[in-house]
Amino acid sequence: MAHFLITLGRGPEWDAQRGRRSQDGWDEHAAFMDDLVRRGVVLLGGPLGDDVDAGPALVVVSASDAADAVEALADDPWHDSVLVTERIDRWTLWLGMRLPPT
């Protein structure tokens, strides 16, 4: 499996008067993303920058190729509405923290 960095920006249904967690469909979006984390598809994710309500979000996806990475997010209730995909980059991870054996 490869890793992909997916940058998600504000979509046409983003309400600039409301915070990220106050957008329509937040609970459904959060549940969808949590399921991807449980399944090992999404490894990390969250807003970029100091203001969590202002900028884009970054998601690290584990997938066989870029098309599969995009497909993994296609059923997100916010897909192409509250959030849009701005950029997809393959990420070759060379460094990382190793957890101690359990």
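As a reminder, the structure under discussion sits directly above these lines.
Quick caveat, the model's predicted, so the values are computed rather than measured.

Visitor: For the pattern of salt bridges, give the residues involved together with the corresponding values.
Guide: Per the counting criterion, the structure on display carries four salt bridges. Arg 18 is the partner of Asp 24 in a salt bridge, and the nearest nitrogen-oxygen pair spans 2.9 Å. A residue is classified by how much of its surface remains accessible, and Asp 24, at 54% relative accessible area, is exposed. For Arg 18, a relative accessible area of 30% puts it in the partly exposed group. Residues joined in a network through salt bridges with shared partners are Asp 15, Arg 18 and Asp 24.

Visitor: How would you sum up the nonpolar core? Please name residues and give values.
Guide: Counting 18 residues, the largest nonpolar core has Ile 6, Met 33, Leu 36, Val 42, Val 59, Val 61 and Ala 69 as its most contacted members. Of all the elements in the fold, those that place two or more residues in this core are strand E1 (2–10), helix H1 (26–38), strand E3 (57–63) and helix H2 (66–73). Here this core gets four residues from one element, more than from any other, and that element is E1. Every residue in contact with Val 42, bar those within four places of it in the chain, is listed here: Met 33, Leu 36, Val 37, Val 59, Val 60 and Val 61.

Reading the values: rules and limits
Residues numbered from 1 in each chain as written. Predicted model: local features only at pLDDT ≥ 70, side-chain atom pairs only at ≥ 80, totals over all residues. Heavy atoms only, no water. Salt bridge = Lys/Arg side-chain N within 4 Å of Asp/Glu carboxyl O. Buried < 20%, exposed > 50% of the residue type's maximum accessible area, 1.4 Å probe, protein only. Core = buried A, V, L, I, M, F, W, Y, C linked by side-chain atoms within 4.5 Å. Helix = DSSP H or I, 4+ residues; strand = E, 2+ residues; numbered from the N terminus. Contact = heavy atoms within 4.5 Å.

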